[in-house]
Amino acid sequence: MLLLTSKGLSMPKEKELMHLQVGDATDRASSWREALFHLLSDIPPVHRPSISSISIDGTSATTLIVDRKNGELVAGPFLYNESFPGALPAVESIAPTNHTVCSGSSTLCKLVSWWSSEGSSGGADSAVLMHQSDWLLWLLHGQYGVSDYNNTLKVGYDPEIDSYPSWLMSQPYSHMLPSVRAPGAPIATVKEDVRSQYGFSKNCVVCTGTTDSIAAFLAARTTGPGRAVTSLGSTLAIKLVSKIRVDDARFGVYSHRLDDTWLVGGASNTGGAVLRQLFTDDQLVALSKNVDPSVPSPLDYYPLTKKGERFPVSDPNMMPRLQPRPESDAEYLHGILESIARIEAKGYNLLKELGATAVEEVLTAGGGAQNEKWTAIRGRVLGVPVRKAEQTEAAYGAALLALKGTSS
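Rules and cut-offs
Throughout this document, residue positions are counted from 1 along each chain, in the order its sequence is written. Per-residue local features are limited, in this predicted model, to residues with pLDDT of at least 70; the limit for side-chain atom pairs, both in listing and counting, is 80 or more; totals at the level of whole chains, interfaces and linings are taken over all residues. The basis for every side-chain value is the complete set of heavy atoms in the structure, and neither hydrogens nor water enter the calculation. Pairing of aromatic rings covers Phe, Tyr and Trp, the last counted by its six-membered ring, and requires centre-to-centre distances within 6.5 Å; plane angles under 30 degrees mean stacked, over 60 mean edge-to-face, and any other angle means tilted. A run of DSSP states H or I qualifies as a helix once it reaches four residues; a run of E qualifies as a strand once it reaches two. Both are numbered from the N-terminal end. Only protein chains enter the calculation, and the probe is 1.4 Å; a residue is then buried if its accessible area is under 20% of its type maximum, exposed if over 50%, and partly exposed in between. Charge counting treats Lys and Arg as positive and Asp and Glu as negative, with His and both chain ends excluded. Within this document, salt bridges are pairs made up of a side-chain nitrogen of Lys or Arg and a carboxyl oxygen of Asp or Glu, the two lying within 4 Å of each other. Definition of a polar contact: a pair of N or O atoms within 3.5 Å, with one able to donate and the other able to accept a hydrogen when the atoms are protein atoms, and with sequence-neighbouring residues admitted only if both atoms are side-chain atoms. The contact criterion used throughout is that any non-hydrogen atoms of two residues lie within 4.5 Å. The pairing criterion for strands is at least two bridges between them, as found by DSSP. Only the stretch in contact is used when a helix axis is fitted, and all axes are lines through C-alpha atoms; the angle between N-to-C directions ranges over 0 to 180 degrees. Throughout, disulfides are identified as pairs of cysteine sulfur atoms within 2.5 Å of each other. Here, nonpolar core refers to any group of buried Ala, Val, Leu, Ile, Met, Phe, Trp, Tyr and Cys residues whose side-chain atoms link them within 4.5 Å. You can read pLDDT as the predictor saying how much it trusts each residue, on a scale of 0 to 100. Roughly parallel here means an angle under 35 degrees, roughly antiparallel means over 145, roughly perpendicular means 65 to 115, and every remaining angle is called oblique. For this classification, Asp, Glu, Lys and Arg are treated as charged, while Ala, Val, Leu, Ile, Met, Phe, Trp, Tyr, Cys and Pro are nonpolar and the rest, including Gly, are polar.

**Digging into the packing of aromatic side chains**
Item 1. Inspection of the entire model under this criterion finds 10 aromatic pairs.
Item 2. An aromatic cluster is built from Trp-32, Trp-135, Trp-138 and Tyr-144, whose rings are joined through pairwise contacts.

Right, here's the structure in full:
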């Protein structure tokens, strides 16, 4: 969580939420709820009455199904990297060829999988699909079934025509789809019980959110075709401003709307989560000092935490490749950092091959932006200027959306 005040930025709390996302599916939802209200309680009481709006970013394609009658969790959360290949034939039979939803990890595949096993047997009339940020925001405003056109992209929403397509609306589960607004659009004021408990103003408005990678892009405040943001958090996500829209599910490529241009990109399952499995934060700092970013590593890895990749190759059966491991931990780290950089470069090259504007500069957001050696490696591998964004936390982008909501 980040709080934008009249004096600027304060309260960097995003990592606290991330660390509470553990346990099985039910525990995950409970931990998200706990983390949200813990963060609200951390806001200094002196600031709470003057907060005018709230927004939240969440992981793309992380999905929950909720009963709108009582708010109880019916199914999920299904995480962003959970794949449902069994639902893919049904999705491919209704969606256009190579559409964004034609991936086992898409939100629509998660919905179709649940509908096929549970929903069609009855009792689904009151069920509603919600994304992670939708659900967290619902805890604050209390209105079911409200989302944004960034989160709903992977369930089939078409941002170019500003509606769900007819091939989706003709399906028996279409009643479960949320209504869609622009990111940062006002939904409702904060619920009375939340407002009274935390001391928010009765005029404090809850606004629609966005995905974490879009929020990271907004935080970087970069515009113009050819400009890009790589988010190096638990996963690697790239977003490139392009004059041309590109969508191709064969490679996990999709486009979000950005005013009169497009944010083209994809999200890989590689990233910081792999590093955290292998090294502590202190080890990463110490070992990075012994890495020479000007020298290419001969090690060739594909760092994943488990089986499955989304982008730049969409392959649910891809296995992690983290061997052979050299005796030197610094060499091992160098090889992993370089291998992730190669995956990033392959992603940007693929976007160009598919017709997007060529990348000219990359800003870096997320925890990986703090590693200067990694930034230098990436600049060498990508062949374009790479630098740390002034604001590197996705939560800053969400705060900017909340600010936008006050002027709507």
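On we go.
**Some points on the side chain of Asp-148**
Item 1. You can see Asp-148 is positioned in strand β8 (residues 146-148).
Item 2. Within the buried set, Asp-148 has no salt-bridge partner at all; the shortest N-O distance to an opposite charge, 10.0 Å, is to Lys-404.
Item 3. Here Asn-150 takes part through its backbone nitrogen, which lies 2.9 Å from a polar atom of the side chain of Asp-148.
Item 4. In this structure, Asp-148 is in contact with Ser-133, Asp-134, Val-180, Arg-181, Ala-182, Pro-183, Thr-208, Gly-209 and Thr-210, ignoring residues within four places of it in sequence.

**Quick look at the sheet that holds strand β6 (residues 73-78)**
The strands making up a sheet are joined through hydrogen bonds of the backbone, oriented either antiparallel or parallel.
Item 1. Here three strands make up an open sheet; going across it, the order is β6-β5-β7 and the pairing antiparallel. Both outer strands of the open sheet, β6 and β7 (127-131), are each paired with one neighbouring strand and no more. Along the sheet, successive strands turn relative to each other by an average axial angle of 20°, direction set aside.
Item 2. Bridge count for strand β5 (residues 63-67) against β6 is three bridges, and the pairing is antiparallel.

**What about the state of the cysteines?**
Item 1. One pass over the structure, following the stated rule, counts zero disulfides.
Item 2. Left without a disulfide partner, Cys-204 is nearest to the cysteine sulfur of Cys-207, which lies 8.4 Å away.
Item 3. Residue Cys-204 is classed as buried on the basis of its relative accessible area, which comes to 0%.
Item 4. Judged by its relative accessible area of 0%, Cys-207 is buried.

**A closer look at the environment of Tyr-301**
Item 1. Looking at the secondary structure, you find Tyr-301 in the loop between α10 (281-288) and α11 (329-353).
Item 2. Residues Tyr-301 and Ile-343, spaced 42 residues apart in sequence, show a C-alpha to C-alpha distance of 9.8 Å.
Item 3. Residues contacting Tyr-301, with those up to four places away along its chain left out, are Arg-321, Leu-322, Gln-323, Pro-324, Arg-325, Pro-326, Tyr-332, Gly-335, Ile-336 and Ser-339.
Item 4. Within polar-contact distance, the side chain of Tyr-301 engages the backbone oxygen of Pro-324 at 2.5 Å.

**Brief notes about the nonpolar core**
Item 1. One finds Ile-336, Tyr-348, Leu-351 and Val-362 to be the most contacted residues of the largest nonpolar core, which totals 38 residues.
Item 2. Of all the secondary structure elements, the ones that give two or more residues to this core are β13 (227-232), β14 (236-242), β16 (261-268), α9 (272-278), α10, α11 and α12 (372-382).
Item 3. Tallying contributions element by element places α11 first for this core, with 11 residues.
Item 4. Those residues in contact with Tyr-348 that sit more than four places away from it in its chain are Ala-228, Val-229, Thr-230, Ile-238, Lys-239, Leu-240, Val-359, Val-362 and Leu-382.
Item 5. Counting residues in each nonpolar core, the second largest holds 29 residues, with Phe-84, Leu-88, Ala-95 and Cys-102 among its members.

**Regarding the pairing of β13**
Item 1. The element β13 is extensively covered by neighbouring structure, given that five of its six residues are classed as buried.
Item 2. Where β13 and β14 come together, five bridges link them in antiparallel fashion. Across the sheet, the residue bridging to Ser-231 is Ala-237, located in β14.
Item 3. Between β13 and β14, which pair antiparallel one after the other, the connecting turn spans three residues.

**Here's the deal with the confidence of the model for the protein chain**
Item 1. In this model, the protein chain carries a mean pLDDT of 91, and residues with pLDDT of at least 70 account for 92%.
Item 2. When the criterion is pLDDT under 50, residues 12-22 qualifies, and its contacts beyond four places in sequence or with other chains add up to 29 contacts.

**Some remarks on helix α4 (residues 107-117)**
Item 1. In terms of burial, α4 is largely enclosed, as eight of its 11 residues are buried.
Item 2. For α4, the complete set of buried residues consists of Thr-107, Leu-108, Cys-109, Lys-110, Leu-111, Val-112, Trp-114 and Trp-115.
Item 3. For α4, the elements touching its buried residues are β5, β6, α3 (88-94), β7 and α6 (166-169).

**A word on the side chain of His-141**
Item 1. You can see His-141 is positioned in helix α5 (residues 132-141).
Item 2. From its side chain, His-141 meets the backbone nitrogen of Gln-143 in a polar contact 2.9 Å long.
Item 3. Residues within four places of His-141 in sequence aside, it is in contact with Ile-187, Ala-188, Thr-189, Lys-191 and Val-206.

**Quick word on the pattern of salt bridges**
Item 1. All told, the structure shown has 16 salt bridges when counted by the stated rule.
Item 2. Put simply, Asp-281 and Arg-276 hold a salt bridge, and the shortest N to O gap is 3.3 Å.
Item 3. Asp-281 sits in the partly exposed class, given a relative accessible area of 43%.
Item 4. As a salt-bridge pair, Arg-387 and Glu-361 come within 3.0 Å of each other at their nearest N and O atoms.

**Brief notes about the packing of α10 against α11**
Item 1. α11 packs onto α10 with a crossing angle of 95° between their chain directions and a minimal axis gap of 9 Å. Regarding the angle of α10 to α11, the classification is roughly perpendicular. The segment α10 lies against α11, with Leu-284, Leu-287 and Ser-288 engaging Asp-329, Ala-330 and Leu-333.
Item 2. Of the residues belonging to the contact of α10 with α11, the class tally is four nonpolar, one polar and one charged.

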